[in-house]
Amino acid sequence: MRVDRFLSNLPQFNRQQVRLLLAERRVTVDGVAVSDPHHDVREFSLVCVDDAVLQAGKPARYFMLHKPQGCVSATSDPQHPTVLDLLDEPDKVELHIAGRLDFNTTGLMLITNDGQWSRRLTQPQTKLPKVYYVQTEQDIGPEYAAMFAKGVYFAFEDLTTQPAELELLSSRTARLSIIEGRYHQVKRMFGYFDNKVIGLHRERMGPLVLDAALAPGQYRPLTDEEIRQV
Ligand code: URA
């Protein structure tokens, strides 16, 4: 949320007072004085006016994990290992997954405690592409790209998928870019042509690309630059 809106939503300031506080550089966000009314205040930002704390920021945490096959995108599971089991971090209950992957799908998984940030990444409205490397059982026909660009009808939800981009890499491999994350979306899009997906790997979510140095099962914190890009 913009800092001016954040402040005017509080009972102690009206819009004019907020303008003045910002102009006088009496507002700090995470310790930095701000005068720009558009400055972003996040769920975990520490916001102060003079020395009074208005929102006590909790440290936001962001991780990139290379999800291996055979683990569940959930915070707990009675049968299988979960992606959170792969993290050696405190207070894991506070973390959530930004964009789940199926049990056997591999690749980029982002884990955070910042709900606003993960929503920006996953909401179709922000149109951030999720890019998958896809392997199929049958040849991928020339008609697929046009169909995916137009949208595939999903009867169960009674909706048509948003336009997606398909780049053919070989007769049975392709790169697919989608902006939504419907249940089993990629498999169901290829399922429209009765073509089974036999390998699925997420390479990218918006500006964030899976770090090639991470082996399946490994993770690392995001850099400040990566966090800011979303
Ligand atoms: N689409 C799928 O079908 N499965 C995934 O894991 C991700 C996208």
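Above this note sits the structure.
Note that this is a predicted model, so its numbers are computed, not measured.

Calculation criteria
Residues numbered from 1 in each chain as written. Predicted model: local features only at pLDDT ≥ 70, side-chain atom pairs only at ≥ 80, totals over all residues. Heavy atoms only, no water. Pairing = 2+ DSSP bridges. Helix = DSSP H or I, 4+ residues; strand = E, 2+ residues; numbered from the N terminus. Axes fitted to C-alpha atoms, helices over the stretch in contact; angles between N-to-C directions. Near = heavy atom within 4 Å. Polar contact = N/O pair within 3.5 Å; in protein donor to acceptor, adjacent residues only side chain to side chain. Areas by Shrake-Rupley, 256 points an atom, 1.4 Å probe, with all protein chains shown as cover. Nonpolar A, V, L, I, M, F, W, Y, C, P; charged D, E, K, R; others polar.

When you look at the sheet that holds strand β4 (residues 52–55) in this model, what are you seeing that I'm missing?
Hydrogen bonding along the main chain pairs the strands of a sheet, whether they run parallel or antiparallel. Read from one edge to the other, the open sheet built from four strands follows the order β2-β1-β3-β4, with strand pairing classed as antiparallel. Each edge of the open sheet carries a strand with a single partner, namely β2 (32–34) and β4. Pairs of neighbouring strands in the sheet enclose a mean axial angle of 35°, with direction left out of account. With three bridges connecting them, strand β1 (residues 27–29) and β2 associate as antiparallel partners. Bridge pairing in β2 places Val29 opposite Val32.

Please clarify how the site of the ligand should be interpreted in this entry.
In the vicinity of the ligand, the residues found are Leu101, Asp102, Thr105, Tyr132, His184, Gln185, Val186, Lys187 and Leu200. A distance of 2.7 Å is found between a nitrogen atom of the ligand and a side-chain nitrogen or oxygen belonging to Asp102. One of the backbone nitrogen or oxygen atoms of Gln185 is found 3.5 Å away from an oxygen atom of the ligand. In the complex, 96% of the free accessible area of the ligand, which totals 240 Å², lies under the protein chains. No other element matches helix α5 (residues 185–191), which puts three residues into the shell around the ligand. Its residues placed into classes, the shell around the ligand shows four nonpolar, three polar and two charged.

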